[in-house]
Amino acid sequence: MKNGIAGIVSLFILLVAVVVGYSSLFTVSETQQVLLVRLGEPVRVVTTPGLNFKVPFIDTVISIDKRILDLENPAQEVIASDQKRLVVDAFARYRIKDALRFYQTLGSIQAANIQLTTLLNAAMRRVLGEVTFITVVRDDRDALMSKIRTQLDRETTSYGISVVDVRIRRADLPEQNSQAVYQRMQTERQREAAEFRAQGGQKAQEIRSRADREATVIIADANSQAEQIRGEGDGERNRLFAEAYGKDADFFAFYRSMTAYENSMKSNDTRFLLRPDSEFFRYFANPAGKPPAAAGSAR
């Protein structure tokens, strides 16, 4: 019986030793840093990954992330130095570099995010309130983000936090202001388009008028040259006719009569209201073109 009681006691002692031993050990991962708190008072900070020891049932292990953490800041309205209102959407990246100070001042990631959001908004208003709208949206955004990060990092040092980066994701006018700007831009573009159309119409009218004037001059010159050439042609024709008439008057008269007959019958109408013994029909009665009386005396 004594052996049974001794066995039970030994088993109990072994179980207590296992529980105590297990409670005296804790593990630190690569992504965590551990703060040991004993009866509410911080004891030490462990940042080296691996297995570590603590006082069982007395020390409390508080794990704190040592990776770079994200802070998503909701869009805020900021007034630039030229009194233009801006909607700024920014975010920050930070790391907990002093676990003890972080635990003593903030205590949790949620509380840190709340405090950092307030400080980030204040830093943005200070920095962006000193520059113009154009500087924020176009000219020097990188320098402004660096300045905001520097100010925020200086203010979070007392919380054991190091700010790694601050980025402005978007900086734009409020929706109602944007619509007014777009409307003004549209009106300006329409005015410019109307001006360009008017200038184009004026240029087109000038070109059309110049072309009409040049066409009139060209046609007048062509008509003048045509009349001159026609006159020269008529003169040459008359000269040739006169020369032909001087060489053979009878043949010239016969040729002229044949040409007249041909021209008079082109309309498919062979009716003539002339006397049969007229000069026009002299080659119809006599191939020699002589009047009937002259033909009889010749016989």
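Quick caveat, the model's predicted, so the values are computed rather than measured. The numbers attached to residues start from 1 for each chain and follow its sequence in the written order. Per-residue local features are limited, in this predicted model, to residues with pLDDT of at least 70; the limit for side-chain atom pairs, both in listing and counting, is 80 or more; totals at the level of whole chains, interfaces and linings are taken over all residues. Side-chain numbers here rest on the full set of heavy atoms in the structure, without hydrogens or water.

**Q** Requested: an account of the overall build of the protein, with residues and values cited.
**A** Each helix corresponds to a stretch of at least 4 residues labelled H or I by DSSP, and each strand to a stretch of at least 2 residues labelled E; elements are numbered beginning at the N terminus. Check the secondary structure of the protein and you find nine helices and nine strands. The rule is simple: take the accessible area with a 1.4 Å probe, protein chains only, and divide by the maximum for that residue type; under 20% is buried, over 50% is exposed, in between is partly exposed. Expressed as a percentage of the 299 residues in the protein, the buried residues total 24%. Residues are treated as being in contact if the distance between any of their heavy atoms lies within 4.5 Å. In the protein, once contacts between residues fewer than 6 apart in sequence are set aside, the share between residues at least 24 apart is 61%. Accessible surface is estimated by sampling points in the Shrake-Rupley manner with a 1.4 Å probe; for residues, cover comes only from the protein chains shown. Just so you have it, the protein exposes about 20,400 Å², and 56% of that area is on carbon and sulfur atoms.

**Q** So what about the pattern of salt bridges? Which residues, and what values?
**A** As a working rule, side chains carrying opposite charge can pair if their charged atoms are close by. Within this document, salt bridges are pairs made up of a side-chain nitrogen of Lys or Arg and a carboxyl oxygen of Asp or Glu, the two lying within 4 Å of each other. The tally for this structure, following the rule as stated, stands at 14 salt bridges. Ionic pairing is found between Arg 85 and Glu 77, a salt bridge with its closest N-O pair at 2.0 Å. We classify Arg 85 as partly exposed; its relative accessible area is 38%. Judged by relative accessible area, Glu 77 falls into the partly exposed class, the value being 34%. Arg 126 is paired through a salt bridge with Glu 155; the nearest N and O atoms lie 2.7 Å apart. Of this pair, Arg 126 sits in helix α3 (residues 109-128) while Glu 155 sits in helix α5 (residues 141-156), placing them 29 residues apart in sequence. The exposure class of Arg 126 is partly exposed, given its relative accessible area of 36%. Overlapping salt bridges, with partners in common, bring together Glu 72, Asp 89 and Arg 169 in one network.

**Q** Go over the packing of α3 against α5 with me, naming the residues and quoting the values.
**A** With axes taken as lines fitted to C-alpha atoms, and helix axes fitted only over the stretch in contact, angles between N-to-C directions fall between 0 and 180 degrees. Axis separation between α3 and α5 bottoms out at 9 Å; the angle between their running directions is 135 degrees. Between α3 and α5, the angle falls in the class oblique. Crossing handedness for the pair α3 and α5: right-handed. In this structure, α3 uses Leu 116, Leu 119, Leu 120, Ala 123, Met 124, Arg 126, Val 127 and Leu 128 to contact α5, whose residues at the interface are Leu 144, Lys 147, Ile 148, Gln 151, Leu 152, Glu 155 and Thr 156. Across the contact of α3 with α5, the residue classes break down as 10 nonpolar, two polar and three charged. For classification purposes, angles smaller than 35 degrees are called roughly parallel, those larger than 145 roughly antiparallel, those between 65 and 115 roughly perpendicular, and all remaining angles oblique. Here a crossing is called left-handed whenever its near helix is offset anticlockwise from the far helix by less than a right angle, and right-handed whenever the offset is clockwise. Gly is placed with the polar residues, together with every amino acid not listed as nonpolar (Ala, Val, Leu, Ile, Met, Phe, Trp, Tyr, Cys and Pro) or charged (Asp, Glu, Lys and Arg).

**Q** Help me get a handle on the sheet that holds strand β5 (residues 59-65), residues and values and all.
**A** Paired through their backbone hydrogen bonds, the strands of a sheet run either parallel or antiparallel. Strands are labelled as partners when DSSP assigns at least two bridges between them. Pairing within the open sheet is antiparallel, and its three strands lie in the order β3-β2-β5. Unpaired on one side and paired on the other, β3 (41-46) and β5 mark the two borders of the sheet. Neighbouring strand axes in the sheet, compared pairwise and without regard to direction, differ in orientation by 25 degrees on average.

**Q** So what's going on with the pairing of β3? Residues and values would help.
**A** Pairing of strand β2 (residues 32-38) with β3, which is carried by five bridges, proceeds in the antiparallel orientation. Bridge pairing in β3 links Arg 38 to Glu 41. Hairpin connection, β2 to β3: the antiparallel pair is bridged by two residues, and Leu 39 has positive phi, about 55 degrees.

**Q** How would you explain the environment of Val 45 if you had to name every residue and give the values?
**A** As for its position among the elements, Val 45 is in strand β3. Among the residues examined, Val 45 registers a relative accessible area of 37% and is labelled partly exposed. Between the C-alpha atom of Val 45 and that of Leu 100, which follows or precedes it by 55 residues, the distance is 7.1 Å. Residue contacts for Val 45: discarding those within four places in its chain leaves Gln 33, Val 34, Leu 35, Ala 99 and Leu 100.

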